[in-house]
Every structure is written in structure tokens, then in C-alpha cells.
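# Residue-level structural notes
Residues per chain are reported as follows:
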Amino acid sequence: MQPAPTPDPPRVSSAVSRLRAAGERVTPARYAVLRVVDAADRTDEHLTAEEIGARVAQVEPSVHRATVYRNLTSLVETGVLSHVHLGGSATVYHLAEPAVEHSSGHAHVQCHSCGRVLDVPPDTFEEVAERLRRDLGFALDTGHAALLGTCRDCQTP
């Protein structure tokens, strides 16, 4: 007798429900992508498409890397995943918060010396966003790209 399959984590279940509600198919490849991204989110990792593809290959060897890339694009378009552009043209993925479509629920900063990415609460930039809106009529999107700087460990004393 085989053991019962482990239930999906709540955020994966929510993402699957949102996909189905949007009339999207939930394939083994999509399940694998969602599980890999969720596991990374829970450990504060920021995975690129290539890293997601490698991890999906470990859990679902039959899923081709091109399928992973197509699914990442599709899952972002449906609002189930969000993506953030980091310095050096890298893009990382997160499960999107259901209440805030196309948002990762936090902002990012990246050290241009070591490449480390840190999550910060989105309200960290509210004052700057308001000033840009007021002075320039510019709407800042802090969830779509990381701000660059130097982390504590890389700053010289």
C-alpha cells in the first residue's frame, strides 16, 4: 500500500485554485514550477528561470526546460507568479499574493558588490513614491525591479 500523497502547501493550493478559476490547465509541469517557487519563497530564496528549471528537473525529470520557461511566462501573465528584475538583467520569480495581482507582496534591494538580494516591506518606499507622484507625476512600481546599493557586509568600515 502506497502512502497518501502529501497535501500541497496553502500558497500552492491557492495558486492552483486561481489557475483553475481562470480556466487554465494545471499540468504536472505547472505543479512542479509552483512547488519549486513556493519552496524558494519560504526560505527567502530568489530563483531565476534557469534555477527553477534545474530544480524542476530534479523533481519532474520528464519536464523539458523550455516547458518550464513557457510556464513561467504563462503563470506571470495569469497573475499566479510575479517577477522582479534584478541588476545584471536577472529576473527572479515569486508566488503572487492573491489579493494583489502581479505583486510579490514585498520590494527588493540588491547589493551591487556581492549580488545578495534582500526583501523589504513595500511601505519602505512610500515616502519616495509619494514624492515622485507629487513632483513628477511618476508612479513608482517597487515590486517589479530591485533597487541597487551596497549591503552592510560589503560596505568598507
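In the block above lies the structure referred to throughout.
Heads up: these notes are all about the structure in this document. In this text, all values refer to a predicted model and were calculated from it rather than measured experimentally. (Residues numbered from 1 in each chain as written. Predicted model: local features only at pLDDT ≥ 70, side-chain atom pairs only at ≥ 80, totals over all residues. Heavy atoms only, no water.)

### As for unusual backbone geometry
Short version of the rule: In DSSP terms, a helix is any run of H or I states spanning at least four residues, a strand is any run of E spanning at least two, and both are numbered starting from the N terminus. For every residue, the accessible area obtained with a 1.4 Å probe (protein chains only) is divided by the maximum for its type, and the residue is called buried under 20%, exposed over 50%, and partly exposed between those limits.
Its identity is not glycine, yet D44 carries a phi of approximately 60 degrees, on the positive side. Note that D44 resides in the loop between α2 (28–42) and β1 (47–48). Residue D44 is classed as exposed on the basis of its relative accessible area, which comes to 55%.

### Considering the pattern of salt bridges
What counts, and what does not: Salt bridges are identified by distance alone: a Lys or Arg side-chain nitrogen within 4 Å of an Asp or Glu carboxyl oxygen.
Evaluated as defined, the whole model comprises nine salt bridges. With a closest N to O distance of 2.8 Å, R42 and D38 form a salt bridge. Placement of both R42 and D38 in helix α2 is noted, with a separation of four residues, approximately one turn of the helix. Salt-bridge contacts for R133 lead to E130; the nearest nitrogen and oxygen are separated by 3.3 Å. Separated by three residues within a single helix, R133 and E130 lie in helix α5 (residues 126–136), roughly one turn from each other.

### Description of the packing of helix α1 (residues 10–21) against α2
Condition: Think of each axis as a best-fit line through the C-alpha atoms, taken over the contacting stretch in the case of a helix, with angles from 0 to 180 degrees between the N-to-C directions. Convention used here: angles under 35 degrees read as roughly parallel, angles over 145 as roughly antiparallel, angles from 65 to 115 as roughly perpendicular, and any remaining angle as oblique. A clockwise turn of the near helix away from the far one marks a right-handed crossing, whereas an anticlockwise turn of less than a right angle marks a left-handed crossing. By definition, residues are in contact when any of their heavy atoms lie within 4.5 Å. Each residue gets one label: Ala, Val, Leu, Ile, Met, Phe, Trp, Tyr, Cys and Pro are nonpolar, Asp, Glu, Lys and Arg are charged, and the others, such as Gly, are polar.
Packing of α1 against α2 leaves a shortest axis separation of 9 Å and a crossing angle of 140 degrees. One finds that α1 runs oblique with respect to α2. Like other packed secondary-structure pairs, α1 and α2 cross with a definite hand, here right-handed. Between α1 and α2, the contacting residues are R11, V12, A15, V16, L19 and R20 on the first element and R30, Y31, L34, R35, D38 and D41 on the second. Taken together, the residues of the contact of α1 with α2 break down into six nonpolar, no polar and six charged.

### Notes on the sheet that holds strand β6 (residues 147–149)
Put simply, the rule is: One requirement defines pairing of two strands: DSSP has to find at least two bridges between them.
Overall, mixed pairing links the three strands, which are arranged β5-β4-β6 in an open sheet. Every other strand in the sheet has two partners, leaving β5 (117–120) and β6 as the edge strands with one partner each. Strand-to-strand twist in this sheet, taken as the mean axis angle between neighbours without regard to direction, amounts to 30 degrees. Here four bridges tie strand β4 (residues 107–111) to β5, and the two strands are oriented antiparallel to one another. Bridging from a neighbouring strand, V109 pairs with L118 of β5.

By themselves, these are just geometric observations and shouldn't be taken as functional.
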